[in-house]
Amino acid sequence: MTEPAHGPRANICLIGMAGVGKSYLGRRLAARLGWTFLDVDELMEKRAGMGLQQIVAQKGEEGFKALEERTILGLTDLRRHVVATGGSAVYSAKAMGHLRAIGHVVYLHDQPANIAARVDNLPTRAVIGLGDGSLERLFTARRPLYEAAAHLRLDLDGPGGAEATLAALEALAQNI
Ligand SMILES: Nc1ncnc2c1ncn2[C@@H]1O[C@H](COP(=O)(O)OP(=O)(O)OP(=O)(O)O)[C@@H](O)[C@H]1O
Ligand SMILES: O=C(O)C1=C[C@@H](O)[C@@H](O)[C@H](O)C1
Ligand SMILES: [Mg+2]
């Protein structure tokens, strides 16, 4: 582990589709770096005192997104944090702008078929905007938003898969 990461943007913020592995890889990255891991979904659940599905059921999708935006805008004075966001955070330009101001925003990319194979509970995962549609359709709609919001894209379907992605994230963290 190397030292830098003192600046105002000394955090890594992961964005991408539901189920792509932001929480899984984010937790592993933070452990490797000795940084703090922060999961926006978990923060929202703690603050609301209920699960994500319950939040959507009570507040609706717009209410959920508003809470998600507020939670992200509340992330200030962070250093050496790995932040895993929820997949729907990308709908808020304000939230994306804030993440770009406090850290390096990395879009974790994978093929929708790989993502679908990874998560067996999509219908009950409270994915915003999925409705009765396919993950592939949602992916096609969201991808340009993730790409535009990110400083960097890492491809989980590239050579080396998740381990190479983790190594690339680690190298990035050590140089910010
Ligand atoms: N590279 C991997 N190898 C093995 N399992 C993985 C990998 N990436 C993710 N998973 C598993 O796939 C599932 C989805 O991953 P995860 O919860 O990290 O997605 P996410 O991007 O945080 O999704 P959400 O936007 O819904 O929070 C989890 O069960 C996780 O443990
Ligand atoms: O991609 C999405 O729409 C979501 C992903 C999860 O992280 C949660 O934030 C919630 O289930 C919405
Ligand atoms: Mg997650």
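Remember, it's a predicted structure, so these values are computed and weren't measured experimentally. (Residues numbered from 1 in each chain as written. Chains lettered and ligands numbered in written order. Predicted model: local features only at pLDDT ≥ 70, side-chain atom pairs only at ≥ 80, totals over all residues. Heavy atoms only, no water.)

## Points about helix H1 (residues 22-33)
1) Next: Over its 12 residues, H1 extends 16 Å from the first C-alpha to the last, a length consistent with the 16 Å expected when each residue adds 1.5 Å.
2) Next: Along H1, the positions that sit buried rather than exposed are Lys22, Leu25, Gly26, Leu29, Ala30 and Leu33. End-on view of H1: buried residues confined to an arc of 135°, all on one side of the axis. Seen from the open side of H1, the exposed residues pointing more than 90 degrees away from its buried face are Tyr24 and Ala31.
3) Next: Packing partners of the buried residues in H1 comprise strand E1 (12-15), strand E2 (36-39), strand E3 (81-84), strand E4 (104-109) and helix H7 (161-173).
4) Next: Where H1 ends, the next residue or the one after it, Gly34, has phi of about 75°, a positive value. (Helix = DSSP H or I, 4+ residues; strand = E, 2+ residues; numbered from the N terminus. Expected span 1.5 Å × (residues − 1). Buried < 20%, exposed > 50% of the residue type's maximum accessible area, 1.4 Å probe, protein only. Arc of directions from axis to C-beta. Contact = heavy atoms within 4.5 Å.)

## Some details on the site of ligand 2
1) Next: As a matter of local geometry, ligand 2 sits amid 13 residues, with Asp41, Arg125, Ala126, Ile128 and Arg142 nearest to it.
2) Next: Residue Arg125 places a main-chain N or O atom 2.8 Å away from an oxygen atom belonging to ligand 2.
3) Next: Within the backbone of Ile128, an N or O atom sits 2.8 Å from an oxygen atom of ligand 2.
4) Next: Here ligand 2 occupies the largest pocket.
5) Next: If one sorts the elements of the shell around ligand 2 by residue count, helix H3 (residues 52-73) sits on top with 3 residues.
6) Next: Across the shell around ligand 2, the residue classes break down as 6 nonpolar, 3 polar and 4 charged. (Near = heavy atom within 4 Å. Polar contact = N/O pair within 3.5 Å; in protein donor to acceptor, adjacent residues only side chain to side chain. 1 Å grid on protein atoms, 1.4 Å probe; cavity = no way out; pocket = protein on both sides within 12 Å on 5 of 7 lines; lining within 4 Å. Sits in = over half its atoms within 2 Å of the grid points. Nonpolar A, V, L, I, M, F, W, Y, C, P; charged D, E, K, R; others polar.)

## Concerning the layout of surface pockets
Sizing a probe to match a water molecule and rolling it over the atoms shows the empty space that remains.
1) Next: Size it by volume and the largest pocket reaches roughly 480 Å³.
2) Next: If you trace the largest pocket, you find 31 residues lining it, with Ala18, Gly19, Asp41, Leu52 and Arg125 closest to the centre.
3) Next: Taken together, the elements giving at least two residues each to the lining of the largest pocket come down to H1, helix H2 (40-48) and H3.
4) Next: Considered class by class, the residues forming the lining of the largest pocket number 10 nonpolar, 11 polar and 10 charged. (Points joined across faces, edges and corners; volume = space filled by probe spheres on them.)

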